[in-house]
Amino acid sequence: MQVFRFRIFHAVGIALLMVACLAASPREAAAQDATSFIQSLGTRGLQAMAPSLPPAQQEARFKQLLDGNFDIPGISRFVLGPYARTMSPGAQQQFGTLFRDYLAQVYTTRLRRYADAPFRATGSRPSGTGETIVTSQVWANNSPFGLDWHATNQNGRWLVTDVVVDGVSMKATQRSEFAAIIQRNGGQPDSLISVLRQQLAQAR
């Protein structure tokens, strides 16, 4: 966050400054809102992994964060890719619920090691597709690694649409993995529902 200090010596200067700020404020405010949103979300996500909490409670808290802060329906459609067109609405709904549970299970397992790590949103920029990319760092073992969060403002509410780690997209990775599962099961997209349900049951 940049902090500007201005010295205003006369009324005309004040007026010009107000006009300039008003003209620049929408983009700057949007970027700041996205950065604040990710700062809060990242901090709460790591707090949900507190070692004092049992794994089931960690996963439940992470599901709440996913439900309230991620565009799960949009991400679900993306990861299904062309297979979404051949799935019934009921099957897509089942997949969306299982996919949310799958993400919670996978990422709580991966994030537990960073439960006490500092998180810091470091900046933001427009993506050119109507989204805002917020850069961030998590410190672990005295060294940082970067995460880029893609966020979109939907009716005044910020939602995450993707997380990129070291240039690797979360949803693109899941799309490739799920396509491979479907192909291994005769190209039937409904088979993905059975596989996810089985994996979740084994994990529990």
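Everything numeric in this text was worked out from a predicted model, so none of it was measured.

With that out of the way, let us pick up the sheet that holds strand 1 (residues 119-126). One open sheet holds the five strands; their spatial order is 1-2-3-4-5, and the pairing between them is antiparallel. Of all strands in the sheet, those bounded by a partner on one side alone are strand 1 and strand 5 (168-169). Where strand 2 (residues 132-140) meets strand 3 (residues 143-154), nine bridges bridge the pair, whose relative direction is antiparallel. Considered in strand 3, the bridge of Trp139 is made with Pro144.

Turning our eyes to something else, we now look at the packing of helix 4 (residues 89-111) against helix 6 (residues 191-203). Put simply, helix 4 and helix 6 touch, their axes get as near as 10 Å, and they point 35° apart. You can see that helix 4 and helix 6 cross each other, and the crossing is left-handed. Taking contact as the criterion, the partners of Ala91, Gln94, Phe95, Leu98, Phe99, Asp101, Tyr102 and Gln105 in helix 4 are, on helix 6, Leu192, Ile193, Leu196, Arg197, Gln199, Leu200 and Ala203. Across the contact of helix 4 with helix 6, the residue classes tally to 10 nonpolar, three polar and two charged.

A word on helix 5 (residues 170-184). The first and last C-alpha atoms of helix 5 sit 21 Å apart over 15 residues, in line with the 21 Å expected at 1.5 Å per residue. What helix 5 keeps buried is the set Met170, Lys171, Gln174, Phe178, Ala179, Ile181 and Ile182. Angularly, the buried residues of helix 5 cover 160° about the axis, an arc narrow enough to put them on a single face. Exposed side of helix 5, more than 90 degrees from the buried face: Ser176, Gln183 and Arg184 are the residues found there.

Across the nine residues of strand 4 (residues 157-165), seven count as buried, placing the element largely inside the fold. Taken together, strand 3 and the strand that follows it, strand 4, pair antiparallel across an intervening segment of two residues, in which Asn155 is found at a positive phi of about 55°. Where strand 4 and strand 5 come together, two bridges link them in antiparallel fashion. By the bridge assignment for strand 5, Val165 is matched with Val168. Hairpin geometry of strand 4 and strand 5 is characterised by an intervening segment of two residues between the two adjacent antiparallel strands and by a positive phi of about 50° at Asp166.

Cut-offs and rules
Residues numbered from 1 in each chain as written. Predicted model: local features only at pLDDT ≥ 70, side-chain atom pairs only at ≥ 80, totals over all residues. Heavy atoms only, no water. Pairing = 2+ DSSP bridges. Helix = DSSP H or I, 4+ residues; strand = E, 2+ residues; numbered from the N terminus. Axes fitted to C-alpha atoms, helices over the stretch in contact; angles between N-to-C directions. Left-handed = near helix turned anticlockwise from the far one by under 90°. Contact = heavy atoms within 4.5 Å. Nonpolar A, V, L, I, M, F, W, Y, C, P; charged D, E, K, R; others polar. Expected span 1.5 Å × (residues − 1). Buried < 20%, exposed > 50% of the residue type's maximum accessible area, 1.4 Å probe, protein only. Arc of directions from axis to C-beta.

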